[in-house]
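Residue-level structural notes
If you want the building blocks of each chain, they are given just below.
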Amino acid sequence: MISQVFILSSQGDHLIYKDFRGEAGSDVIGVFYEKVTALTGDQPPVVMTLRDLHFIHVRQGGLYWVATASADSSPFTVIEFLNRFSALVKDYCGSLSEKSVQMNFALIYELLDEVVDYGYIQTTSSDVLKNFIQTEAVSSRPFSLFDLSNVGLFGAETQQSKVAPSSAATRPIQSSREQGGRSEIFVDVIERMSVVIGCNGVLMKADVEGEIKVKCYMPSCSEMRIGLNEEFSIGKSQLRGYGAAVRVDECSFHQAVRLDEFDSNRILRLCPSQGEQTVMQYQLSDHLPSAPPFRLFPTIERDSGGRLLMYLKLRCDLPPKSAAINVCATIPVPKGSVSLSQELSSPDQSSELKLQNRAIDWTIPRFPGGTQLSALFKLEVSGLSPSSMLEVGPVGLVFELPQLTVTGLQIRFLRLSPVQPGPSQRWVRYVTHSDSYVIRL
Amino acid sequence: MPYLGSEDAVRELRRALCNPNVQSDQLRYRSTILKVIRAMSQGVDVSGLFSEMVKACATVDIVQKKLVYVFLCSYATLNPELSLLVINTLRKDCQDPNPMVRSLALRNMTNLRLPSLVEYVEQPLTAGLRDRAACVRRVAVLGWAKLHNLQPNSEIDAAVVNELYGLLRDPDPVVMVNCLRALEEILKEEGGVAINKPITHHLLNRLKESDVWGQCEVLKILQRYRPQSENELFDILSLLDASLVSPHPPVMAATLSLFLCLCSGLPAVSLAALERVRGPLLAACGSVSRETRFTALCHIQLLLRSLPGLMGAHYKRFFCGYAEPAYIKQRKMQVLVELVNDDNVAMLLDELKGYCTDVNTDTAQAAISAIGRIGRSYSDRCLEILTGLLGLKQEHITSAVVQTMRDLVWVCPQCSDTVCLALEGCEETLQDSQGRQALLWLLAVYGERVSSAPYTLEVFIDGVRSEASLGVKMELLTTTMRLFLCRPAETQDMLGRLLHYCIEEETDMCVRDQALFYYRLLHCGTEETRKVLQGRRSDPSLGVLIGRPAEPISQWAYSFNTLEPLTQGCVETEPASRGSPEHVTFDPKPNTDLSDTLNCSQIEKVHSGSDSASGFPYSSANVLASSLAAPLSLSLSPALGPEEFERLWMQRQASHADQGAEKLEEEEDYVCMEEQIQCPAIPHCSPQSLQAAMQLVNIQTLAFTPPHTLPWRVYLYTHTQHAHSGEAPRITLIVGELLYTGEASRRVVEIKKGTEDGDVAEEEEEAGLSGRELVSEEEEVKVTVKQQPRDDKALKGFLSILTTVLHTLSPENN
């Protein structure tokens, strides 16, 4: 049972406050903000208690989403609700930020009113809610030069509409209804890898968590069929087809997905509701179908002048046609590090010594598959001792692999039935993120 | 917009709201109202605009209506009279053909929270319960709960309650769930909604129609139901099985909660349910949402309390992510420590080692103390890492390492040599009081082995004037005194200076009193002082325990899926992490009500493998109760240290090996006997419950392997006191080992007996043993026991006690 819900900006500004049961005073917001900012490092922040008042909060879009609840409420439920609520706000407002929440507060109050009554969650399904929500979203698209770049000479559209602009899926779902907006559907396959590679280059842990998300901007869509790879298999025993099997360990589906064609043809059938929903989630542990995307070959030594020399070779083992983008390697360095001189193998890379984090950030904007980059870091360290080497490593990598899934999961086809009147667009996007990619030195 | 003070803002808004031009233009009117709401949610007091807003309520624009209601519901309690004006509009709206308008009006009517309006609200609410539109019924049902809570002392209207019970059969699942919620609130005094068999089965059958939230609510309320028969119970359980592995963590958690509640009398079923949720819980641990991850981790810690082996194979899932926040990393480390076993210890330590140099000091310190915990069972590897970390000479790391070493040495005194070597030179890096206190404690206890101890102390004593921490000063006094006892020549002078300072100059009473006390103590002579100051160096009762006892599920089931696991700092706070370990009071041992020595029956036949595990009716109480003519007493004193034990054991082991694999052997001094006890699943029970049970009969366990590892071993000892009639009681020492070798399921008891009078018929024993071996096809534990001096009757008695304890512990008998 939820007593109050409120949204705070990271500076503690009140954005939304709703009291469902009138049981606690309204100063709780101040109390919460005081508590959350006074937390020390080893105190878990998710649940905080003040007498019989329990604050549960999540951070989404840089905001605090807080609920107060009784001690016997289920934390899973409240947290899931807050996450779902923030996802709803994102669907309805287009994006999640302090600004969009501020501009759409009327809409958010309306949502809250329909979603929770007297502290009891009523519904969070966007299919139901769309009948009740009347306020229109005010979208806060920041002015961007990229908008201009699409307009060519004499105002001609230059962009080949082969690729959806990245902002395409960050608009309010309701705009499609009124302005006769584009009728679009996005199917995203998103995978997150967490990998640990030992100091001898052995893969010690490799987990992949993936999900298929559908974001639907169609006012009415009766049925959608998503075809996965035919050789997709679940669990260890069952292998299908003759080609390279796409295997996952565990797999779960959204309630609304009908699986009658799944066993035979690997087809998911569902009627997507407006907004975003996760259709399928899957996990793969301890096994990658291909080599891990990055390998690091480090040479680290101390030179006579008391400097630390780090020669790092980073190899990208993706297929040659793919590339990783926004790669950033974080290399922890000893505590007394003072300054850094670097030699990088190409001009678009950059690196920086972050003293606060005690680490070197080596950023590579684009890293094509099958290539190798190298960097030589010379680090001035005061009081360098042999044991300082303990502090070097492990290296953490952050990256994005667009148009690629490490499990090999693909969407064979995407069919809507009945065929939509008017122009409708279907987009399938793949991306793999690094959840945690650690290479020990 | 220029910034206005709140009063100006309110005045400005009022002017706009009253402006007829604005009122006639719907869009402008709406945007003015928007401004009011915005000011309200930013915390500006706009209650002065109440009457203007009441007027704005009468409109056909639903958006505007909704906005005005948001305002009215926030301020109605401040303006009860003016609120009466709204009621008319609201009642009119309740007749509106549009169901959305009807539900909106009904909801806000009840949200005004004004007791004076109750009489106007009842009629529309009654009508609302029978409305055609489900959305109106949903609101009306909850409306009754709100109304009831507005006047908590009023009588409960039986007609309404009946109608609500009737609406449990409503086709709309949300209405059904809302009815449950409303009845819970209205009938709170009677213990909530009545959950009988028809209602339960109705709810269960319709569970799938509800969404996640509704299912959770229903599952929670069903916890009150008690099935009437076992068949019914299993029907319910099989119906719920699919929800147990639901991909939605809330449903999974609520279902498990219900499972544990229904199966409180069936531990095996509960354990199976825990196994079943492993997959979904692990998935939740990898959720995108950090908060869900954290919640799942906290609940996994709960589960591990009863089923320590649950996540053993999945330890890699608890490796910390590179960018995870510190609070998740710390929880993961707490879980990792529980999962350590022979196979993964190398991997785990490698991983934890990486965290020790984390930029975040809390994470680093948590990692170091996690390594210390693992050190209790794998001390060599861990000490190697810990001493390596000292080389970094970083303040927070050194402090954490020294504290961890102190805690480790307290539990595993055999580590002391390495620790003493590592301590040299630490004091230069230590800054914080916790770390320095730990160092001082170690110097006090192992001062004679740390060559530089007096010099280190001297530095402390020289700086005592500028010392701010009370704890450090107290510890310093004790340390200097203790060091004086073992190295008087080097310490005498500085002790004098310290005492002088503390007595003459120190302003803190505690320190001064302590110093005076020591001063007077010294007057009584060294021997007296030694008696007072000689503290224990370790707690042998802790043994080299790893892992906590496998608690019964009922210990934590009530807190599962509540906020409690999330608010607890960690499940087991390190008792020794604050202050010196010897000052910490440990939980009283379970044998407090028993005398130090314990009379046990000399049971004629040795219960061994031949007594199959089926229905062994003894509890340890039975054993204790039956005392016989020639009583055998077990006692723990004098205590045997781990080193002493090891020495004894190895000595016997060697001679035993020389003699070959005879089951019973006899030297002039002791007898070796192997025994097999059939007691399934003992290796799966946790070290501490075993230890507790053993202590109950005064058998001390010294060392364990973690549960679920193979081979599984336990080392133990006890003293027997066998009163022969007319003779002085003979005291023998028994040291023993329990060994469970693995898949072949053989547990063997070896008993080596040191004996003086070697006149016991070995053949008897051998015959008995071979007879027992025939039945030993199931899980058996091999025990090796040594007795010194030999006393066969005592040994038999000991064995029967041990057998009984093991049988009592094995889960089949629970």
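First things first, this report covers the structure right here in the doc. (Residues numbered from 1 in each chain as written. Chains lettered and ligands numbered in written order. Predicted model: local features only at pLDDT ≥ 70, side-chain atom pairs only at ≥ 80, totals over all residues. Heavy atoms only, no water.)

Turning our attention to the overall build of chain B. Of the regular secondary structure elements, chain B holds 37 helices and nine strands. Taking all 814 residues of chain B together, 58% fall into the buried category. A separation threshold of at least 6 residues defines the contact pool for chain B, and within that pool the share at least 24 residues apart is 73%. Accessible surface computed for chain B: about 33,000 Å², of which carbon and sulfur atoms make up 51%. (Helix = DSSP H or I, 4+ residues; strand = E, 2+ residues; numbered from the N terminus. Buried < 20%, exposed > 50% of the residue type's maximum accessible area, 1.4 Å probe, protein only. Contact = heavy atoms within 4.5 Å. Areas by Shrake-Rupley, 256 points an atom, 1.4 Å probe, with all protein chains shown as cover.)

So, on to the sheet that holds strand β17 (residues 307-316) of chain A. All names here are of chain A. Read across the open sheet, the four strands follow the order β16-β17-β22-β19; overall the sheet is antiparallel. Two strands in the sheet have a free side with no partner beyond their single neighbour: β16 (294-302) and β19 (337-344). This sheet shows a mean twist of 20° between the axes of neighbouring strands, independent of strand direction. Note: β17 against strand β22 (residues 372-381), nine bridges, orientation antiparallel. Counterpart to M310 in the pairing with β22 is F377. (Pairing = 2+ DSSP bridges. Axes fitted to C-alpha atoms, helices over the stretch in contact; angles between N-to-C directions.)

Our focus in this paragraph is the pairing of strand β25 (residues 424-439) of chain A. All names here are of chain A. As paired strands, strand β8 (residues 183-197) and β25 are joined by 15 bridges and run parallel to one another. Opposite R192, over in β25, you have H433 as the bridge partner. In the sheet, strand β23 (residues 395-402) pairs with β25 via six bridges, with the strands oriented antiparallel. Bridge pairing links V395 to I439 in β25.

Attention now moves to unusual backbone geometry. With the exception of glycine, most residues fall at negative phi, and the peptide bonds are largely trans. Of note in this structure, A:R266 is not a glycine but carries a positive phi near 55°. By secondary structure assignment, the location of A:R266 is in the loop between α8 (262-265) and β14 (267-270). Residue A:R266 is classed as buried on the basis of its relative accessible area of 1%. Phi angles above zero are rare outside glycine, and B:R113 is one such case at about 60°. Along the chain, B:R113 falls in the loop between α7 (99-111) and α8 (118-129).

What follows covers helix α20 (residues 345-356) of chain B. The terminal C-alpha atoms of α20(B), which comprises twelve residues, lie 16 Å apart, in line with the 16 Å expected from a rise of 1.5 Å per residue. For α20(B), the set of buried residues is B:V345, B:M347, B:L348, B:L349, B:E351, B:L352, B:Y355 and B:C356. In the core, the buried residues of α20(B) are packed alongside β8 and β9 (203-216) of chain A together with α19 (326-339), α21 (361-375), α22 (379-390) and α23 (395-411) of chain B. (Expected span 1.5 Å × (residues − 1).)

Take empty space enclosed by the protein next. All chains considered together, the criterion is met by ten cavities of 30 Å³ or more. Around the largest cavity, the lining comprises 18 residues; the ones closest to its centre are A:S194, A:K205, A:D435, B:R317 and B:K332. Mapped by element, the contributors of at least two residues to the lining of the largest cavity are β8, β9 and β25 of chain A together with α17 (278-285) of chain B. Its residues assigned to classes, the lining of the largest cavity comprises six nonpolar, four polar and eight charged. (1 Å grid on protein atoms, 1.4 Å probe; cavity = no way out; pocket = protein on both sides within 12 Å on 5 of 7 lines; lining within 4 Å. Points joined across faces, edges and corners; volume = space filled by probe spheres on them. Nonpolar A, V, L, I, M, F, W, Y, C, P; charged D, E, K, R; others polar.)

So, on to the sheet that holds strand β15 (residues 275-285) of chain A. All names here are of chain A. Strand order across the open sheet formed by nine strands is β13-β15-β9-β8-β25-β23-β18-β21-β20, with mixed pairing between neighbours. Strand pairing shows two members of the sheet lacking a second neighbour, β13 (250-253) and β20 (350-354), which therefore form its edges. The average undirected angle you get between the axes of adjacent strands in this sheet is 15°. Across nine bridges, the pairing between strand β18 (residues 323-332) and strand β21 (residues 359-368) is antiparallel. Along β21, the bridge assignment pairs I331 with I360.

Bringing the pairing of β21(A) into the picture now. Residues and elements named next belong to chain A. The sheet contact formed by β20 and β21 spans five bridges and is antiparallel. Paired with S350 across the strands is T363, a residue of β21. Hairpin geometry of β20 and β21 is characterised by an intervening segment of four residues between the two adjacent antiparallel strands and by a positive phi of about 55° at R358.

Attention now moves to the side chain of B:R138. Residue position: B:R138 is located in helix α9 (residues 134-150). On the accessibility criterion, B:R138 (16% relative accessible area) is buried. In terms of polar contacts, B:R138 uses its side chain to reach the side chain of B:D172, at 3.0 Å. Filtering out sequence-adjacent residues up to four positions away, B:R138 remains in contact with A:Q122, A:V128, B:D172, B:V174, B:V175 and B:N178. (Polar contact = N/O pair within 3.5 Å; in protein donor to acceptor, adjacent residues only side chain to side chain.)

Here we take up the packing of aromatic side chains. Here the structure, examined in full by the defined rule, presents 26 aromatic pairs over all chains. An angle of 70° between the planes, with centres 5.1 Å apart, marks the rings of A:F253 and A:F262 as edge-to-face. On the basis of relative accessibility, which here comes to 17%, the residue A:F253 falls in the buried class. Measuring from ring centre to ring centre gives 5.0 Å for B:F71 and B:Y75, while their planes differ by 50°; the resulting arrangement is tilted. (Phe/Tyr/Trp six-rings, centres within 6.5 Å; stacked < 30°, edge-to-face > 60°.)

A few words now on the interface of chain B and chain A. The partner chain A presents 85 residues to the 81 residues of chain B that form the contact. The interface formed by chain B and chain A holds twelve salt bridges in total. We note a salt bridge from B:K220 to A:D72, for which the minimum N-O separation is 3.6 Å. On the surface where chain B and chain A come into contact, there are 26 residue pairs in polar contact (both at pLDDT 80 or more). (Salt bridge = Lys/Arg side-chain N within 4 Å of Asp/Glu carboxyl O.)

The next subject is the pattern of salt bridges. Enumeration over the complete set of coordinates arrives at 60 salt bridges over all chains. With its nearest N and O atoms 3.7 Å apart, the salt bridge here joins B:D350 to A:R440. Taken together, the positions of B:D350 in helix α20 and A:R440 in the segment after β25 put the pair across two chains. On the accessibility criterion, A:R440 (12% relative accessible area) is buried. For B:R497, the salt bridge goes to B:D493, with nearest N and O atoms at 3.8 Å. Of this pair, B:R497 and B:D493 both sit in helix α28 (residues 488-504), separated by four residues, roughly a single helical turn. Under the relative-accessibility criterion, B:R497 is labelled partly exposed at 34%. Of the residues examined, B:D493 reaches a relative accessible area of 54% and is grouped as exposed. Members of the salt-bridge network, linked through shared partners, are A:K18, A:E110, A:D113, A:E114, B:K66 and B:R107.

Residue and element names in this part refer to chain B. Interhelical geometry of α7 versus α9 gives an angle of 10° and a closest axis separation of 9 Å. Taken together, the axis directions place α7 and α9 in an arrangement best described as roughly parallel. Across from P99, R102, S103, L106, R107, T110 and N111 in α7, the residues of α9 making contact are C135, V136, V139, A140, G143 and K146. (Parallel < 35°, antiparallel > 145°, perpendicular 65-115°, else oblique.)

Residues and elements named next belong to chain B. Viewed as axis vectors pointing N to C, helix α27 (residues 470-486) and helix α30 (residues 526-533) meet at an angle of 130°, and their least axial separation amounts to 10 Å. Taken together, the axes of α27 and α30 are oblique relative to one another. α30 is crossed by α27, and the crossing has left-handed handedness. Here T478, M481, R482 and L485 of α27 come into contact with α30, specifically with T526, T529, R530 and L533. When the residues that make up the contact of α27 with α30 are grouped by side-chain class, the tally is three nonpolar, three polar and two charged. (Left-handed = near helix turned anticlockwise from the far one by under 90°.)

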